[in-house]
Amino acid sequence: MSRLQKKFDELKTLNKTGLVIYLTAGLPDFEGTIRAFKLAEQAGADIIELGIPFSDPMADGPIIQAASYQAIKNGMTLPKVLGLVKEIRKFSQLPIMGMGYINNMLNYGFEKLAVDAKAAGMDGFIIPDVPHEESEEMRRVCSGQGLHLVEFVTPGTTDERIKETCTTADGFIYCVSVNGVTGVREIDYTPINNVIAHVKKQTDTPCAVGFGIGSPAAAVKAAAKADAVIVGSAVVKLIMEDRFEEAGELISAIRQALDKR
Amino acid sequence: MSKGRFGKYGGQYVPEIVMPVLKELEAAYEQYQADPDFLAELRRYYVEYAGRPTLLYYAENLTKYYGGARIYLKREDLLHTGAHKINNALGQVLLAKRMGKKRIIAETGAGQHGVATATVAALFGMECKVFMGAVDIERQKLNVFKMKLLGTEVVPVTTGTATLKDATSEAIRYWAAHIEDTHYIIGSAVGPHPYPTMVRDFRSIIGREIREQIKAEAGGRLDYLVACVGGGSNAIGTFHEFAKDSDVKKIGVEAAGRGPGIGDNAQTLSNPASRPGVLHGAYSYLAQDDDGQVIEVYSISAGLDYPGVGPEHAMFHDQGIVEYVGINDREAQDAFQLLSREEGIIPAVESSHALAYLGKLMPKTQKDEVVVVTLSGRGDKDVQQVARALGEEI
């Protein structure tokens, strides 16, 4: 059983909502990312989504765009992200999902990447510009290495597509809360909750809700039907501004709010 | 593999949010491309509003100048708004109308596609937003003002390099948040399926007219087709009709800018260093660095400096159906002046790249052969910039 599956089983046993924290690899730099990782783990993160910076991140809002741009300028590359994971594995067993865009991965060679990522200690990938239709080959390669390839549903995903996605869903299903890009804002979670209810009838694969969640109150709302919530931009913004302590406090506050549900 | 492939190129590499609207667009396009009413309406706007068919002009002076094959110019520069861009904008706005969309969005680099989109939005009374890099807004004030005059909101994009590729990403992001009521008119034969096919179809009228017109003009003989390639839409519109005519040599001319260095040119197919990758939803050739980050490319022509290229061109390149070559800034400027002087036609600096290739091609041709160059746009917009490059302030 993978680190990710074990984590979701454990959460289920404890009747807890999982907390996924997104960090941009290379923000503010290599060492800074390790510091941020430790901080997130101590503050109660269950899973880390490690952003592989790309020059043209189509699914991301201004904060993560700026973070990626800065990380690239600071010299972060995909091989260095793998080095970062290796370094992290010396002190942590938290599941790490590499979140990145397909071009960097194809450029590296997807099969080689799967082998190297597995060896480094990564648990799988989240690739926002690979929808279900384009994912077949990558699913095959990932499953050959025992890596998870996360798929997506959104408020607009049709019943037919939900069904297809549920047949191949692996690790967890990324439930995008709203039509748009990443970034903190007020969101009505009803539409995605309806989609999650639909998903739950068809698969046991855990559902994690992301996009827009920036506060304990928002996390609680987002967690209504989900197994986990994903927090990205709110934490990245604080790290970008060198406010590490506040980032840790925000993660702790969200953790506590989720545990009190 | 998904639909919408040209060989191994193309596809739909977009966030899940955009998939439902791509499917909606695909279904609508499949329906209307075979709908006689839709096609008749499009035809009417092509003829009565845009000015089709465009002339196929025998450039006698230019032919004499080179002393080789007979040179014809396909005069897309004579269309309303001054460039071939209107062909696609009209097709897509009519489609958007039938899909019940209320708002049109577009990206633009130099502003030509932005102006074409703003024009059709004004004509059909639709709300329009054009995303444009802040750097380009500063460089292209005239087109920015034209768009505003036409009732369009120009949205400055300050992220990344603040140029065309970032404007395209931002348009896609806006679209993802407004899929119900918004249609995205992409400006070239790039992007996720069905765009490369749809944009090509709306532009293929160029090639179809060439085939008809050349029959009357040159007894049907055609040996060479030359067109400039940025994203590659006027070129695909020119070449697609002749893809199976192996006796017609097809040459796509990319911008070789100021040299072969990284970031000094906009050559994606004619540059041995470039390799396939994914940008803005499609797998095609891409200017990228060793880590797979997209490079900001350069050309004197703001209409050619896109780091990607349409997926059908990628296939044509691999299959040898089209030959792709590079023309640098200086050669393009020389051709800009040559056509002005010889024929009294001021060409767009984009089209000047195609014209400049004649300097290399003509010595290899015979007098009884026939060359058609697609003159994709007129050069009024470029006069100031070329003057500056020649050391004159106007």
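Everything discussed here concerns the structure shown above.
What counts as what
Residues numbered from 1 in each chain as written. Chains lettered and ligands numbered in written order. Predicted model: local features only at pLDDT ≥ 70, side-chain atom pairs only at ≥ 80, totals over all residues. Heavy atoms only, no water. Helix = DSSP H or I, 4+ residues; strand = E, 2+ residues; numbered from the N terminus. Rg over C-alpha atoms; globule rule 2.2 N^0.38 Å. Buried < 20%, exposed > 50% of the residue type's maximum accessible area, 1.4 Å probe, protein only. Areas by Shrake-Rupley, 256 points an atom, 1.4 Å probe, with all protein chains shown as cover. Lys, Arg positive; Asp, Glu negative; His and termini not counted. Charge placed at Lys NZ, Arg CZ, Asp CG, Glu CD. Contact = heavy atoms within 4.5 Å. Salt bridge = Lys/Arg side-chain N within 4 Å of Asp/Glu carboxyl O. Polar contact = N/O pair within 3.5 Å; in protein donor to acceptor, adjacent residues only side chain to side chain. Nonpolar A, V, L, I, M, F, W, Y, C, P; charged D, E, K, R; others polar. Pairing = 2+ DSSP bridges. 1 Å grid on protein atoms, 1.4 Å probe; cavity = no way out; pocket = protein on both sides within 12 Å on 5 of 7 lines; lining within 4 Å. Points joined across faces, edges and corners; volume = space filled by probe spheres on them. Phe/Tyr/Trp six-rings, centres within 6.5 Å; stacked < 30°, edge-to-face > 60°. Lys NZ or Arg CZ within 6 Å of the ring centre and 35° of its normal. Axes fitted to C-alpha atoms, helices over the stretch in contact; angles between N-to-C directions.

Undergrad: How would you sum up the overall build of chain A? Please name residues and give values.
TA: Across its full length, chain A holds twelve helices and eight strands. Taking 18 Å as the expected radius of gyration for a compact globule of 261 residues, we find that chain A reaches 17 Å, a close match to that expectation. Counting only C-alpha atoms and orienting by the principal axes, one finds that chain A spans roughly 45 × 40 × 35 Å. Residue burial in chain A is summarised as follows: out of 261 residues, 61% are buried. Of the roughly 9900 Å² of accessible surface on chain A, a fraction of 51% belongs to carbon and sulfur atoms. Side-chain charges in chain A split into 28 positive and 33 negative, and the spacing between the mean points of these groups amounts to 4 Å.

Undergrad: Lay out helix α14 (residues 349–356) of chain B in plain terms, naming residues and giving numbers.
TA: Across the eight residues that make up α14(B), a large majority, eight, are buried. If you check which residues of α14(B) are buried, you get Val349(B), Glu350(B), Ser351(B), Ser352(B), His353(B), Ala354(B), Leu355(B) and Ala356(B).

Undergrad: Residues and numbers for the interface of chain A and chain B, please.
TA: On the chain B side, the residues contacting the 38 residues of chain A number 40 residues. The interface formed by chain A and chain B contains four salt bridges. Here Glu134(A) and Arg5(B) are joined by a salt bridge, their closest N and O atoms 2.6 Å apart. Remark: the boundary between chain A and chain B carries 25 residue pairs in polar contact (both at pLDDT 80 or more). Where the side of chain A that touches chain B is concerned, the elements lending two or more residues are α3 (62–73), α4 (78–88), α5 (102–108) and β5 (148–153) of chain A. By residue number, the principal contributor to the side of chain A that touches chain B is α5(A), which donates five residues. Split by residue class, the side of chain A that touches chain B holds 21 nonpolar, eleven polar and six charged.

Undergrad: I'd love a proper account of the environment of Ala197(A), names of residues and values included.
TA: Residue and element names in this part refer to chain A. Within the element layout of this structure, Ala197 appears in helix α9 (residues 190–200). Classification of Ala197 by relative accessible area gives partly exposed; the value is 33%. Each C-alpha atom of the pair Ala197 and Cys207 lies 9.9 Å from the other, and the pair is ten residues apart in sequence.

Undergrad: Lay out the environment of Glu16(B) in plain terms, naming residues and giving numbers.
TA: Tracing the backbone shows Glu16(B) in the loop between β2 (9–10) and α1 (19–32). The class for Glu16(B) is buried, based on a relative accessible area of 4%. C-alpha of Glu16(B) to C-alpha of Lys165(B): the two residues are 149 residues apart in sequence and 21 Å apart in space. Setting aside anything within four residues of it in sequence, one finds Glu16(B) in contact with Pro128(A), Pro131(A), Phe152(A), Val153(A), Thr154(A), Thr157(A) and Arg161(A).

Undergrad: Summarise the pairing of strand β11 (residues 275–279) of chain B; cite the residues concerned and give the values.
TA: Residues and elements named next belong to chain B. Relative to strand β12 (residues 282–286), β11 is paired through five bridges, and the arrangement is antiparallel. The residue of β12 that forms the bridge with Gly277 is Ser284. Count of turn residues in the β11/β12 antiparallel hairpin: two residues, of which His280 carries a positive phi of about 50°.

Undergrad: Outline the side chain of Thr268(B), listing residues and values.
TA: Residue and element names in this part refer to chain B. Structurally, Thr268 can be placed in the loop between β10 (249–257) and β11. The buried category is assigned to Thr268, whose relative accessible area is 1%. In terms of polar contacts, Thr268 uses its side chain to reach the side chain of Glu254, at 3.1 Å. In this structure Thr268 touches Glu254, Ser274, Tyr285, Leu286, Ala287, Pro307, Gly308 and Val309, once residues within four positions along its chain are discounted.

Undergrad: Could you give an account of the pattern of salt bridges, naming the residues involved and the relevant values?
TA: Applying the stated criterion to the full structure yields 49 salt bridges over all chains. Here Glu312(B) and Arg200(B) are joined by a salt bridge, their closest N and O atoms 2.9 Å apart. Of the two residues, Glu312(B) is situated in helix α12 (residues 311–319) and Arg200(B) in helix α9 (residues 195–203); the sequence distance between them amounts to 112 residues. With respect to class, Glu312(B) is no different from Arg200(B); both count as buried. As a salt-bridge pair, Glu393(B) and Arg388(B) come within 3.9 Å of each other at their nearest N and O atoms. The class of Glu393(B) is exposed, set by a relative accessible area of 64%. If you follow the salt bridges from partner to partner, you end up with Lys7(A), Glu10(A), Asp46(A), Arg255(A) and Asp259(A) in one network.

Undergrad: Explain the layout of surface pockets residue by residue, including any values.
TA: In this structure, the largest pocket spans a volume of roughly 690 Å³. Every residue lining the largest pocket is counted, 31 residues in all, and those nearest its centre are Arg139(B), Gln140(B), Ile300(B), Ala302(B) and Gln385(B). Among the elements that make up the lining of the largest pocket, the one with the highest residue count is helix α16 (residues 383–389) of chain B (four residues). Here the residues of the lining of the largest pocket sort into twelve nonpolar, eight polar and eleven charged. Empty space within the second largest pocket amounts to approximately 440 Å³. If you trace the second largest pocket, you find 20 residues lining it, with Phe8(A), Leu11(A), Lys12(A), Lys16(A) and Asp227(A) closest to the centre.

Undergrad: Mind laying out the side chain of Ser55(A), listing which residues take part and the relevant values?
TA: You can see Ser55(A) is positioned in the loop between β2 (47–51) and α3. Classification of Ser55(A) as buried rests on a relative accessible area of 15%. Side-chain polar atoms of Ser55(A) contact the side chain of Asp56(A), separated by 2.7 Å. When residues no more than four places from it in sequence are discounted, the contact partners of Ser55(A) are Ile72(A), Lys165(B), Gln293(B) and Val294(B).

Undergrad: Provide a residue-level description of the packing of aromatic side chains, including the pertinent values.
TA: Scanning the entire structure with this criterion turns up 17 aromatic pairs over all chains. On the numbers, 5.6 Å between centres and 35° between planes, the contact of Tyr32(B) with Phe38(B) is tilted. Comparing Tyr32(B) with Phe38(B), the two get one shared label, buried. Taken together, the ring pairs in this structure connect Phe152(A), Tyr174(A) and Phe211(A) into an aromatic cluster. Across the ring face of Tyr58(B), the terminal group of Arg70(B) is positioned such that the distance to the ring centre comes to 4.2 Å. The ring of Tyr298(B) has Arg258(B) lying over it, and the distance from NZ or CZ to the ring centre is 3.9 Å.

Undergrad: Explain the sheet that holds strand β5 (residues 103–108) of chain B residue by residue, including any values.
TA: Residues and elements named next belong to chain B. Here we have four strands laid out as an open sheet, ordered β7-β6-β5-β8, and parallel in their pairing. Bordering the open sheet on either side are β7 (153–157) and β8 (182–184), each of which pairs with just one other strand. The average angle at which neighbouring strand axes cross in this sheet is 25°, direction not considered. With five bridges connecting them, strand β6 (residues 127–133) and β7 associate as parallel partners. Bridging across to β7, Gly133 finds its partner in Val157. On the sheet, helix α5 (residues 112–124) packs against β5 and β6 and is oriented at approximately 165° with respect to β5.

Geometric values such as these leave the question of function open.
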